[in-house]
Amino acid sequence: MKFDYDVIVIGGGHAGCEAAAAAANMGAQTCLITMDMNKIGQMSCNPAVGGIAKGQIVREIDALGGYMGMVTDRTAIQFRMLNRSKGPAMWSPRAQCDRGKFIWAWREVLENVPNLHIWQDQVKELIVKDKQATGVKTYFDIEIKARCVILTAGTFLNGLMHIGHTKLHGGRIAEPASYHLTESIAQHGIQYGRMKTGTPVRIDGRSIHFEDLEIQEGENDYHKFSFMGEGRKLKQLPCWTCFTNPEVHEILRGGLPDSPLYNGQIQSIGPRYCPSIETKLVTFPERDQHQLFLEPEGENTQEYYLNGFSSSLPLFVQLEALKKIPAFRDLSAYRPGYAIEYDFFDPTQLKHTLESKIISGLFMAGQVNGTTGYEEAGGQGIVAGINAALKCHGGEPFVMHRDESYIGVLIDDLVTKGVDEPYRMFTSRAEYRILLRQDDADARLTERAYDIGLASKARHAHWLAKKEHIENIVNFCENFSLKPALINPALESLGTTPLKYGCKLFELINRPQITLKNIAEHIRPLKSLLDGISDRKDEIIEAAEVRIKYHGYIARERIIADKMQRLENIKIKGKFDYANLNSLSTEARQKLTKIDPETLAQAGRIPGVSPSDINVLLVLLGR
């Protein structure tokens, strides 16, 4: 071993895994340094992947040639497509995973990626010469050289955990923190701060009264995360829901003086959109219950995760409060919930490639950039890995735009606006979510990834075959004419209004009662076309149908995206008394008042100001 690489990746979490795999698959000699090879891809908090907007990010990672989607499908124990009651722009896949199998699936992937070596060690210093990252020094006193370094240390940089008044040094429960690395980077002029996140109690399933919980089954249709690979293979399990109650709240309130969040012990800012149970009580004092989700940690384990009950209260306060919930009256826990503080670096110091503006060759991805969530980390990781490989071997920087991907929205938000709290992706953060659906991530990104050498030939061919099928269906529907006398009996049987005049099939499919599948039973050429699809039939039909049903919305949003640049020329500074504009969200009023942006485009990039808030300002301007 020469300990001399093109790319070094520090940290084996979700960002690190995707970064290392991407760089290596693009031909860069890559070294992934992790303190524990048995914790690669560890799910530090809930054992689930996806969710609102997060599921879209995972599909984008997969479309680019990443692995999070494949690993999730391989280890999923429950799958659900969220937001089905809304339009397809809001549909978001989510999967509960087997925590242990997820780790080993990731390790199997990484150990078989060409050009990738894994080294078990801990980095204590970044080596910089003439403002260029040239390698790292480790706790084993080894100097490893590289042309680019990607930092993906998660919550480990000077990590400090809190359980009541008890403080424990570490990056995760029972795992050591990383020291000295923050300081070795900051000495070069890079600014950093502290953030906080938390995790709930883990419960022994043998102590749970499941009869007092409401069951929540998963879905077992054709949907999955990866556009490649097979479907779910593990046993599919249910989740359960329940609620806190006034007795629970009384005990929790009694423990607030001992909460690190409220006694001054924790000074850093926690995630607004994933609050602890004690924060919920303080923020919503009028509520007498909060919903909790009980989720299995694995296919064969008795360990359960209590989603919605993140806490840093003293251990016995947590347990005493939970026992007031009927299903947990005999509760036995494996470990308490805890909060953790850690270092992060201001992401406005990064380029859109995620390379530092101050130290050339240093890239950052994941929670070190102020984000929260496995999916946000993975999305940043694959972009950092791509750009590190391109920097080593030449090529134009790879940047995704806001109308191209949720990953593009995420990175633009980070480097343009910065963070004042842990960043979490939502569909509302994207101006063009009709263009950024979960069903078309491969249409948006796979050819781009293939062009830069990341997506494999097999993945590219997989997409081209799907693309051809979709286009054939759409073209058939655009050109196939219907006569009222022949189709009206079918329309009446499907509960929709008969035709008075002939029309193209494309127009008919726009009706909410009509789908490609149910109308195909009455149109033999269409049925033959659909039956001729041997692979991924349901996925292809869904993608074609969404494209047909929403073609007007998609085309209109494409026009809006192309015109968005005009907002840079609309001056708004001093034109509004934001505090009195009740049509804006509360968060938007607060942040617009504080920042008083120069232009409407700048206002749109402020965290907490949604596209709907921008529309309100446009209306008030008469534009």
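Scroll up to find the structure.
Residues numbered from 1 in each chain as written. Predicted model: local features only at pLDDT ≥ 70, side-chain atom pairs only at ≥ 80, totals over all residues. Heavy atoms only, no water.

## Concerning the pairing of strand S18 (residues 338-345)
Selection rule: Partly exposed residues are those whose accessible area sits between 20% and 50% of the maximum for their type, while under 20% is buried and over 50% is exposed, using a 1.4 Å probe and protein chains only. Each helix is a run of H or I in the DSSP string that is no shorter than four residues. Each strand is a run of E no shorter than two, and both are numbered from the N terminus. In this analysis, strands are considered paired if DSSP registers two or more bridges between them.
The buried count for S18 comes to eight of eight residues, which makes it a mostly enclosed element. Because side chains alternate across S18, one face comprises the buried residues Tyr338, Ile340, Tyr342 and Phe344, and the other comprises Ala339, Glu341, Asp343 and Phe345, equally buried. Pairing of strand S12 (residues 192-204) with S18, which is carried by eight bridges, proceeds in the antiparallel orientation. Bridge pairing in S18 places Arg194 opposite Asp343.

## A few points about the sheet that holds strand S3 (residues 48-50)
What counts, and what does not: Only the stretch in contact is used when a helix axis is fitted, and all axes are lines through C-alpha atoms; the angle between N-to-C directions ranges over 0 to 180 degrees. What makes two residues a contact is simply this: any of their non-hydrogen atoms within 4.5 Å.
The strand order across the open sheet formed by three strands is S3-S5-S4, and the pairing between neighbours is antiparallel. Each edge of the open sheet is held by one strand with a lone partner, namely S3 and strand S4 (76-82). On average, adjacent strands in this sheet sit at an angle of 15° to one another, irrespective of strand direction. As paired elements, S4 and strand S5 (residues 92-97) share six bridges and run antiparallel to each other. Opposite Phe79, over in S5, you have Ala95 as the bridge partner. Seen against the sheet, helix H2 (residues 54-64) touches S3 and S5 and runs at an angle of roughly 85° to S5.

## Side note on the pattern of salt bridges
The line we're drawing: One speaks of a salt bridge when a side-chain nitrogen belonging to Lys or Arg is within 4 Å of a carboxyl oxygen belonging to Asp or Glu.
Tallying each qualifying case throughout the model produces 47 salt bridges. Notably, a salt bridge pairs Lys39 with Glu175, separated by 3.3 Å at the nearest N-O pair. Within this pair, whereas Lys39 is found in the loop between strand S2 (30-34) and S3, its partner Glu175 is found in the loop between strand S11 (166-169) and helix H5 (181-186), the two being separated by 136 residues in sequence. Look at Lys39 and you get partly exposed, because its relative accessible area is 26%. Overall, the relative accessible area of 8% leaves Glu175 in the buried class. Of the charged contacts in the structure, one is a salt bridge between Lys466 and Asp442, with a shortest N-O distance of 2.9 Å. Remark: Asp442 occurs in helix H11 (residues 441-451) and Lys466 occurs in helix H12 (residues 457-479); sequence separation between them is 24 residues. Like Asp442, Lys466 is buried. Here the salt bridges share partners, and the residues they tie into one network are Glu60, Arg437, Asp439, Asp440 and Arg444.

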